[in-house]
Amino acid sequence: MSARAHILAKLTASHDQPGWPDPVALKTNPPRTINAADQLAQLKTMMAAAHTEIHEVSSENWPEKVAELTQAKNLNNLLIAPKTALGKQLQAQWPVDGVTLKYDLHHSGGKEELFFSVDAALTSCRSAIAESGSLVLWPSPAEPRLMSLVPPVHFVLLDAHNIYPSLAEVMQAENWAAAMPSNALLISGPSKTADIQQTLAYGAHGPKELVLLIMV
Amino acid sequence: MHSNSSISLFGTCVVDLFFPQAGMSALKILEREGIQVNYPQAQSCCGQPAYTSGYSDEARRVALAQIAAFPGEDPIVVLSGSCAGMMKHHYPTLFHGMPEEEIVRQFSKRIIEFTAYLLEVLNIELHDLGPAESVALHTSCTARREMGTLQNGRELLRRLDKIDLKTHDHESECCGFGGTFSVRHPDISAAMVQDKTAALRQCGASKVISADCGCLLNITGALQKQQAHPENKTAFAGLHIAELIWQRTGGKSQ
Amino acid sequence: MKTEILHNFTSRSRAATADEAQRGKFRSAMDFLIAKRAAQFPDPTEWAELRESGQQIRQRALAYLPKLLVQFEQKAQQNGMTVHWAETPLEANQIIHGILQRQQVRTLIKGKSMVSEEIELNQYLQAHSIQALESDMGEFIVQMADEKPSHIIMPAIHKSKQEIAALFAAEIDDTPYTEDVDELIQIGRQALRQQFFNADAGLSGVNFAIAETGTLCLVENEGNGRLSTSCPRVHIAITGIEKMLENLADLPTLLTLLTRSATGQPITTYVNLISGPRRADEQDGPEEVHIVLLDNGRSQAYADVQLRQTLQCIRCGACMNHCPVYTRIGGHAYGTTYPGPIGSIISPHLLGLAETRDLPSASTLCGACGDVCPVKIPIPELLLRLRVENVTRAGTKDHPAVMRGQGAKYRLSEKLAWQAWSLLNTTPALSLASRRSAAGLRHLIPSVKAWTQARVMPKIAPQSLHELIKAHQEQKS
């Protein structure tokens, strides 16, 4: 008998014993409508508490803000996704003194460059969750996973219309269960750890800085 | 005054052997309030030591003997939170699905811990004759979690208006007794009681009060052993709450 | 190795309680974690409702476990994952080794996985010439020190920053001694960067597996979990079979209970939901995703209604953070992968009750653990149950066999002593006689030596309460 068959047989046999409680039906809460301004405020408070740098921008001026921040942070380069709408909008702002745009590091064998020479990356995000202060990213062919993970600075652009009150509500509203991507993730701040004597330190393995640009 | 009331008293084996004065104080407090106190001589132990050691059959035998010793329907006042918890909550579990289950449930319903009886049934008034004193309160884990009586100890001490109640460090932490735990795992138990007594010594009180004699046996035993050390010159005493109340409210029967 | 666990608990706990420095470290670490958790649950009503939901979700999923495992397998396979089943640690190790061998992997980079500790994967792979590198900072530290983790969430909790500074300076090339925590973390980050870059395979644990969608949920703060599961071309995940959840909608409640209970955070920095290898048009992500489902004794706990509750655990660590015993002896003294209260109730199923026979009694049943369990596992009740199984041999009348090693602590002499004790306490004449002798004392405090380690021997009062009350009542009448 295979391990699979044996394990399932053992578990199923247990069900024949008397005294098993009936499984409880779980209640689901209906989705709420929360004031947009309150949600935005909650998102900002939660994310700031987790060390996220936050800027409010408009859908027109955000590339300018990115240019300003990359220079202020003395970044040599910025990795972007050139084929996306936001990538195109950002490229129009360039060139910017001292900051080179980088792209296509994934398929031109640029993994080494990505790991050891890229200072920052910019991605979009799908939505955000106010209650926990989280951004929802579904990496895609255009914006691969490592963009939001490897470079030490991660810029994220969020449309303030896409803020949900809670994880349960965004999952429900967008019907995630119908079709999950290969990788979906929540990002709630820069990378951190308290493994050394319970002392908090940032930039353990993921980005050391998370810079959130909220288009209001 | 509740001169029509009668209760039965369960002393507990620890009070019986080591702290009978706590039992007498409790008895006299109740009688002073006009309560008729029955004390069935056939009582012995609630069975907890066997129960917590995994000897359920033996615990059941002893439990049934206690039940037989307390016929009737009057409340059974118990002088320790952990024994009260045993008889109120664990007896029904011990006899679950057995023929005696209903009899046991009826017995368990009568169980009330001593401080709960003083407050919830008697709403006792206490006239504190002093002198002014600082004490610490240790609540047994069972009293805290199974009987919900943490507040009772605090309230009774509050009613003794010349008592100043001090909090001690890590107050809600276990004292390390745990019945047979104290001898099965003596090193760990010793470490726990050492930390507890250190916290008590540092809190600004001169004695520790408890409604549970198992904890008192452990804590006072450790305090006394530590007195051999030069740094512990001042004696730090431990007392059952019944004794404290009796002593401070005149210590005389009517 | 197994007999060592048994015979060492007493001496290990003695050594641990004598180690003042370690006691100080654990005390301050536990106080920190207790305070962080408390700050996340300020409202008792919300806490009560949330944990009630958590318990129901877990119990429901366990009730349907065989069905969910099959559903998960189907969905995961549809998503392009390969599902493996292992009954024992050896089988799991062989499966993982087989995957790595086929892929000619020399170095495996690991995200954090307690199950991989449980099966002793690193040692197995090392014996087969494959290096397994830990990337979680805490695990990285203990691996460097050639130790095992002492806590399920914070593996290096027993180490001071001075010890870590010395370790890094000694073990990592070109590293000066520094006690600055930020610098130490950057040193770790640099050291592991190349490893993430080079690794051919990554291994992760699983916090929750979702049957409805064939999804693995991993939580972390550092980013090493994402790196281990996104960079290498092979991702292997390993989990105990009990981690199945029915639906994606079950996740938010358990996620918030987990992060708030474990580290006092509303959410971890990263929550990863992995539902398969990279799709055809994706540019990164693993080409292969494997999931190993491990039994290793969990089905034994599952078979008993009461003991099954052990499997509700979501591995938050709150129980050990609040345990006065764990606080004094630390994680290593238990000698098991999972220490503390959860360790004491799960290890007998994973390792056998004989090998872990001292653990069920290593508790005062104070109940601090049960109070904070986010899924309402009745830990003291389960410890009591294990104590009964410890002293009751399988095949005893009316007592079914429920676990390997049942009756490991059965001693005829002890049984007879308790029978004598019960006789004493059911026969008033005998009780009376024993009260007048030291026999009564001996029954209450069976080991004078153990008791008097920290206490004076209590004195039997000249007159018992029985006698005093009898005299008092005679006087009154």
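Residues numbered from 1 in each chain as written. Chains lettered and ligands numbered in written order. Predicted model: local features only at pLDDT ≥ 70, side-chain atom pairs only at ≥ 80, totals over all residues.

**Notes on the overall build of chain A**
- Broken down by element type, chain A carries 6 helices and 12 strands.
- Relative to a compact globule of 216 residues, whose C-alpha radius of gyration would be 17 Å, chain A shows 22 Å and is clearly more extended.
- A principal-axis box enclosing the C-alpha atoms of chain A has dimensions of 75 × 45 × 40 Å.
- Relative to its full complement of 216 residues, chain A shows a buried share of 44%.
- Counting contacts in chain A only where the partners sit at least 6 residues apart, residues at least 24 apart contribute 72% of the total. (Helix = DSSP H or I, 4+ residues; strand = E, 2+ residues; numbered from the N terminus. Rg over C-alpha atoms; globule rule 2.2 N^0.38 Å. Buried ≥ 20, exposed ≤ 12 C-beta atoms within 10 Å, placed from the backbone. Contact = placed C-beta atoms within 7 Å.)

**Let's talk about the interface of chain A and chain C**
- Between chain A and chain C, the contact holds 55 residues from the first and 70 residues from the second.
- Where the side of chain A that touches chain C is concerned, the elements lending two or more residues are α1 (3-14), α6 (167-173), β9 (183-187) and β10 (192-193) of chain A.
- It is α1(A) that provides the largest number of residues to the side of chain A that touches chain C, a total of 9 residues.
- For the side of chain A that touches chain C, the class distribution of residues is 28 nonpolar, 22 polar and 5 charged. (Nonpolar A, V, L, I, M, F, W, Y, C, P; charged D, E, K, R; others polar.)

**A closer look at the nonpolar core**
- In terms of nonpolar packing, the biggest core is built from 276 residues, with Val78(B), Leu108(C) and Val292(C) touching the most fellow members.
- Per-element tally for this core: the top contributor is helix α12 (residues 213-226) of chain B, with 7 residues.
- In this structure Val78(B) touches Phe10(B), Thr12(B), Cys83(B), Ala84(B), Met87(B), Ile111(B), Glu113(B) and Phe114(B), once residues within four positions along its chain are discounted. (Core = buried A, V, L, I, M, F, W, Y, C linked by C-beta atoms within 7 Å.)

**Notes on unusual backbone geometry**
- Put simply, Trp94(A) and Pro95(A) share a cis peptide bond, and its omega is 15°.
- Structurally, the position occupied by Pro95(A) is in the loop between α4 (85-91) and β3 (100-102).
- With omega at 5°, the peptide bond leading from Gly130(B) into Pro131(B) counts as cis.
- Counting through the fold element by element, Pro131(B) comes out in the loop between α7 (114-121) and β5 (133-138).
- The phi dihedral of Ser129(C) falls on the positive side, at around 60°, and the residue is not glycine.
- In this structure, Ser129(C) sits in the loop between α7 (121-127) and β3 (131-134).
- Judged by the 8 C-beta atoms lying within 10 Å of it, Ser129(C) falls in the exposed class.
- Unlike most non-glycine residues, Asp398(C) shows phi in positive territory, near 65°.
- Along the chain, the position of Asp398(C) falls in the loop between α18 (379-391) and α19 (412-424).

**Description of the sheet that holds β5(B)**
All names here are of chain B.
- The 4 strands are arranged β6-β5-β7-β8 in an open sheet whose pairing can be described as parallel. With partners counted over all chains shown, the strands left at the sheet margins are β6 (163-166) and β8 (237-240), one partner each. Going across the sheet, the axis of each strand differs from the next one's by a mean of 40°, ignoring polarity.
- Sheet topology places β5 next to β6; 4 bridges connect them, and they run parallel. Paired with Ser 134 across the two strands is Asp 164, which belongs to β6. (Pairing = 2+ DSSP bridges. Axes fitted to C-alpha atoms, helices over the stretch in contact; angles between N-to-C directions.)

**Brief notes about the domain arrangement of chain C**
- According to the domain assignment, chain C consists of domain 1 (41-299) and domain 2 (412-476).
- For domain 1 of chain C and domain 2 of chain C, the distance between their C-alpha centroids amounts to 54 Å. (Domains from an automatic or database assignment.)

**What to know about the interface of chain B and chain C**
- On the side of chain C, 50 residues touch chain B, which itself brings 51 residues to the contact.
- For the side of chain B that touches chain C, the secondary-structure elements that each account for two or more residues are α1 (13-17), α2 (20-32), α3 (48-52), α4 (56-69), α8 (141-145), α10 (181-184), α11 (186-201) and α12 of chain B.
- In terms of residues, the side of chain B that touches chain C owes the most to one element, α11(B), which gives 8 residues.
- Across the side of chain B that touches chain C, the residue classes break down as 27 nonpolar, 16 polar and 8 charged.

**Notes on the arrangement of the chains**
- Looking at the 2 pairs of chains with contacts, the pair that accumulates the most is chains A and C.
- Separated without contact, chain A and chain B have their nearest C-alpha atoms at a distance of 12 Å.

**Notes on the pairing of strand β6 (residues 215-220) of chain C**
All names here are of chain C.
- Within β6, 6 of the 6 residues are buried, leaving the element largely enclosed by the surrounding structure.
- In this sheet, β6 lies alongside strand β5 (residues 208-210) in antiparallel orientation, the contact comprising 3 bridges. When the bridges of β6 are listed, Phe 208 appears paired with Cys 217.
- Here β5 folds back onto β6, and the loop between the two strands holds 4 residues, one of which, Gly 214, carries a positive phi near 65°.
- Judged from the 5 bridges that link them, β6 and strand β9 (residues 270-274) form a sheet pairing that is antiparallel.

**Topic: the packing of α1(A) against helix α4 (residues 65-78) of chain C**
- Viewed as axis vectors pointing N to C, α1(A) and α4(C) meet at an angle of 150°, and their least axial separation amounts to 8 Å. Contacts between α1(A) and α4(C) involve Leu8(A), Leu11(A) and Thr12(A) on the former and, on the latter, Leu65(C), Pro66(C) and Leu69(C).

**Overview of helix α16 (residues 340-351) of chain C**
Residue and element names in this part refer to chain C.
- Along its 12 residues, α16 runs 15 Å from first to last C-alpha, staying within 8% of the 16 Å computed at 1.5 Å per residue.
- Of all 12 residues making up α16, 12 are buried, and the element is well covered by its neighbours.
- Looking one or two places after α16, you find Gly 352, whose phi comes out positive at around 105°. (Expected span 1.5 Å × (residues − 1).)

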